[in-house]
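# Structural description and commentary
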Amino acid sequence: MKTPKRLLLLEDDPNDYELIRRTVWKEWPECELVRVSSQSGFEAALAQGGFDVILSDYNVPAFDGASALALVRTRSPELPFIFVSGAIGDDVAVECLKAGATDYVLKDRMARLLPAIRRAKQESEERIRRRAAEKESAKSHEQYRDLCENASDLIQFVTADGHFTYVNPAWKKTLGYEEDEISNLTVTNIIHPDYHAQWRKLALNASSGDLPETWESIFLTKSGKEIHVEGNVGAQIASSEVVALRGIFHDITERKLAAMNLQRSVRQYESLVNSVDGIVWQAELPSLRFTFISQQAERLLGYSVRSWIEQQDFWQNHIHPDDRDKAVTICLKMAAGAKPESFEYRMIAADGREVWLRDIVNVRAEKGQQLQLQGIMVDCTRRKRAEIERLESQALKTGILEASLDAIIVMDVGGTVIEFNPAAETTFGYRRSEIIGQSLAEKIIPPDQRARHCEGIKNYLNNGRGTVLGKRIVVQAMRSNGEEFPAEMAIVPLRLSDRTVFTAYIRDITKRKRSEQALRRAQTKLKQSNQYLLRQNQEIQNFYHTLSHELKTPLTSAREFVSIVLDGLAGPLTENQTKYLNISKDSCDQMRVCINDLFDATRLETGKLPLELKPVSLSNLLPKVVTLIGQAASEKEITLECEAQADLPEALLDETRITQVVTNLISNALKYTPPGGKVVVKTAEVPGRPELLQVSVSDNGCGIAPEEQERIFDRLYQIKAGDAATQQGVGLGLYLCKELVELHGGTIWLESRPGKGSTFSFVLPRNGKLATQSDILVIDDDADMNEMLRLLLSNEQYNVRTALDGQEGLQEIKRQKPDVIILDLVMPKLNGPATLQEIRRICDQVPIIVHTGFAGGDLMKEAFRFSPFTLLAKPSSPEQIIETVRKVNRASETQIWSKNQLVPQNSSN
């Protein structure tokens, strides 16, 4: 409330005036209080105006308060009027208030005056503001209505249930409805069905004010025509509830149609650009930043269109480094009016490929705008590669022609020489310039063969067939000095666009012929030597066998008679006689061991030593062996212990032969262990390999030198140094151990350090799989040879498969990996070296026996690139074949187990 500045007081009593003045000035000392006591004075003051409140006594001589109130209400209806009287009844007061008085205050209750003035002043000010607002509102409403009525936009008010409360004339005109038709419409009648869901969402969000700034829709006219509109939707809210949705829309149909037409044109343009077999692009000069690139860029190079546009220097950074400066320089040098440029360069695609592009570039210059480069990049990779390949092919052909060790001669259909390489100059003794244009037959073909040569060319020209074309044949050729020599030749016809030429590849095989003759002589001698050695070996084996049998009987008799004498059955003996007879008996036992070793070795080498497999527990067997040898260990003051895994499972073994192996190993350890030493026999499962069992015999004796370890298992090999030299046999003990273990499908090895002792270990499979149960694959194009090898090896209990060429052999290998492969070198389709190369790629560890009759030829040299392999020359005896397969198979098993770390790397095997 504003502080009252002037008050008009109608009062005839000076004392009451003074009381009122003091009361007013107590609160508002600056307030001016104008007193009048007559009608004329009151009217004059009222005419002057400027009063905030009028205070009036009810009873004034000749002019009462009721008349004053009536006068004020007539002239200043908004001016507050308060009765201040000494006596006024309630009925009069009510009548005064009804007549327009603001309030009344009794003079004996002057404390109410100031609050009454304040209240009257506030109500007056509020009334003035309200009426001003109503006046302004009426004016605004009139302006708003005028605006709505004359607006070109479509304006509508819709209730929450979708009925129209107001639409402006533009709405009616645009949609074609009359006033009386609108009351029957709902908003869903004029909004396209595709937008009904959006409208319902707007209605739901109206109460929260979550409405979009603009909303696009399609209105339907009375006739069904679609009108595209755009505008905003607002909510009319009363008592916190939405009473109506206000919408103001303008018709954007023309703009929409124009935009749709523009989009259609853009799509047609983009479709046209993207259908071009090349990348259409545009870039700024001089920055070379791309402003447009067609979709073909992503298809051809793998980079998104966005990358080309957004990344500065994208094009330059992805040009091949060798071509970048050239391409960028050409583009930067182009200016307005320049002719289109066409150049080729490489770009690095997203997947790392090099893509050759032919770029046709021109300059676009519009007035007042920056220069633009436009171009089309066409993928020319195939053509470029074809050109490069053609040039490389030409260079390669030239290089091959020049560097070839074979003579290469090209002639036309008339037999005239048109090309002659350096090797041909060396071979025939002609310079190229001397023989080009000359008749081939007259220069390098011996006289007695020229007619046949000419006849062959004639037949080819007549019927397109040649008896020697495309084949490798051996002929006689002639040098410039008339000397004839053997040559290997192949003639290939080549059809050019307008003619046919013949290319002859000629190799001087004089040295090879001599080598073949020498090889045949050597093979004959070798065959004779092999046959002689086989006879000698057979005789030695027969001698060993006969010797073993012939010595066993007298040796047994001698030992038994010595035992009879020692037992006292032939009479009493002296102490020396007993001593000497015991030495004789020990010598007989030692000789019997040597004879048995010779006999077993002979049977092993001839493959006549069978194994009698049965379930055997090594946990039970080894303690028995240790007990039998315990006496000999005690006599030498050596501790002999056995450590056997208690729960060790049984294995399929020949108990006698494994006993022989362990006995030999323990006896060998006792020989090399000094008194006070220790020998330990152990057996257990191989850690991580429960299908394998391991036995080891360890001593702390003198050990074995590294150079001795390499040959320790060889037949008849004996260590030449040490205290045990006088106790050695014939050198077959460890050899027999190795052969017997491998015959069980196992392997044996040695670990030893001089002065620290030795450990002999061997591993056996629990299932008793024999080496002779291995799978053998024979690859040879000779069906008879395949059948012979199959019968021979099957009889030795091998599983044998055969293949007639390299390709068939590789298929068999992929189907099931063999244990050993026997491979011929000379085969059709895929020869031996090529097959060997593929085998090494597929299964590198499979052992291979190269079985060939051309041990010194070119194929053998090529095969050596994929060694190692075992060479077995044709022809070979059945015994040689069987022994070679047996040794290779055993070695392969040892090699496989070594790879699996069952055998230490420093072992002899």
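Summarised in this report is the structure supplied together with it. Quick caveat, the model's predicted, so the values are computed rather than measured. (Residues numbered from 1 in each chain as written. Predicted model: local features only at pLDDT ≥ 70, side-chain atom pairs only at ≥ 80, totals over all residues. Heavy atoms only, no water.)

### Looking at the overall build of the protein chain
The helix and strand tally for the protein chain stands at 30 helices and 32 strands. Expressed as a percentage of the 909 residues in the protein chain, the buried residues total 42%. When contacts within the protein chain are restricted to residue pairs at least 6 apart in sequence, those whose partners lie at least 24 apart make up 58%. As presented, the protein chain carries roughly 50200 Å² of accessible surface, and 50% of it is formed by carbon and sulfur atoms. (Helix = DSSP H or I, 4+ residues; strand = E, 2+ residues; numbered from the N terminus. Buried < 20%, exposed > 50% of the residue type's maximum accessible area, 1.4 Å probe, protein only. Contact = heavy atoms within 4.5 Å. Areas by Shrake-Rupley, 256 points an atom, 1.4 Å probe, with all protein chains shown as cover.)

### So, the sheet that holds strand E24 (residues 678–686)
Where strands meet in a sheet, backbone hydrogen bonds hold them as pairs that are either parallel or antiparallel. Strands sit in the order E22-E24-E25-E27-E26 across an open sheet of five strands; the sheet is mixed. In the strand order of this sheet, the two ends are held by strand E22 (639–644) and strand E26 (747–753), each with one partner. On average, each strand axis in the sheet is inclined to that of its neighbour by 15°, with strand direction left out of account. Pairing of strand E25 (residues 689–699) with strand E27 (residues 757–765) involves eight bridges; the strand directions are antiparallel. (Pairing = 2+ DSSP bridges. Axes fitted to C-alpha atoms, helices over the stretch in contact; angles between N-to-C directions.)

### A short note on the nonpolar core
Most often, soluble globular proteins have nonpolar side chains that are buried together. Counting 37 residues, the largest nonpolar core has Leu618, Leu640, Leu665, Ile666, Phe760 and Phe762 as its most contacted members. Elements represented by at least two residues in this core include exactly helix H22 (618–635), strand E23 (651–653), helix H23 (655–671), E24, E25, helix H25 (733–743), E26 and E27. Ignoring any residue separated from it by four or fewer positions in sequence, one finds Phe760 in contact with Leu665, Asn668, Val695, Ser696, Val697, Ile704, Ile712, Phe713, Leu734, Trp749 and Leu750. (Core = buried A, V, L, I, M, F, W, Y, C linked by side-chain atoms within 4.5 Å.)

### Describing unusual backbone geometry
The residue after Leu285, namely Pro286, is reached through a cis peptide bond having omega 5°. If you trace the backbone, Pro286 turns up in the loop between strand E11 (279–284) and strand E12 (290–293). With a phi close to 60°, Leu288 is a non-glycine residue in the positive phi region. Structurally, Leu288 is set in the loop between E11 and E12. The residue Glu637 is not glycine, and still its phi comes out positive at about 60°.

### Quick notes on a nonpolar patch on the surface
On the surface, a cluster of nonpolar side chains totalling about 340 Å² of accessible area is made up of Phe561, Ile564 and Leu569. The exposure class assigned to Ile564 is partly exposed, which follows from its relative accessible area of 35%. (Patch = residues over 30% accessible without salt bridge, like charges linked within 9 Å, V, L, I, M, F, W, Y side chains within 5 Å. Salt bridge = Lys/Arg side-chain N within 4 Å of Asp/Glu carboxyl O.)

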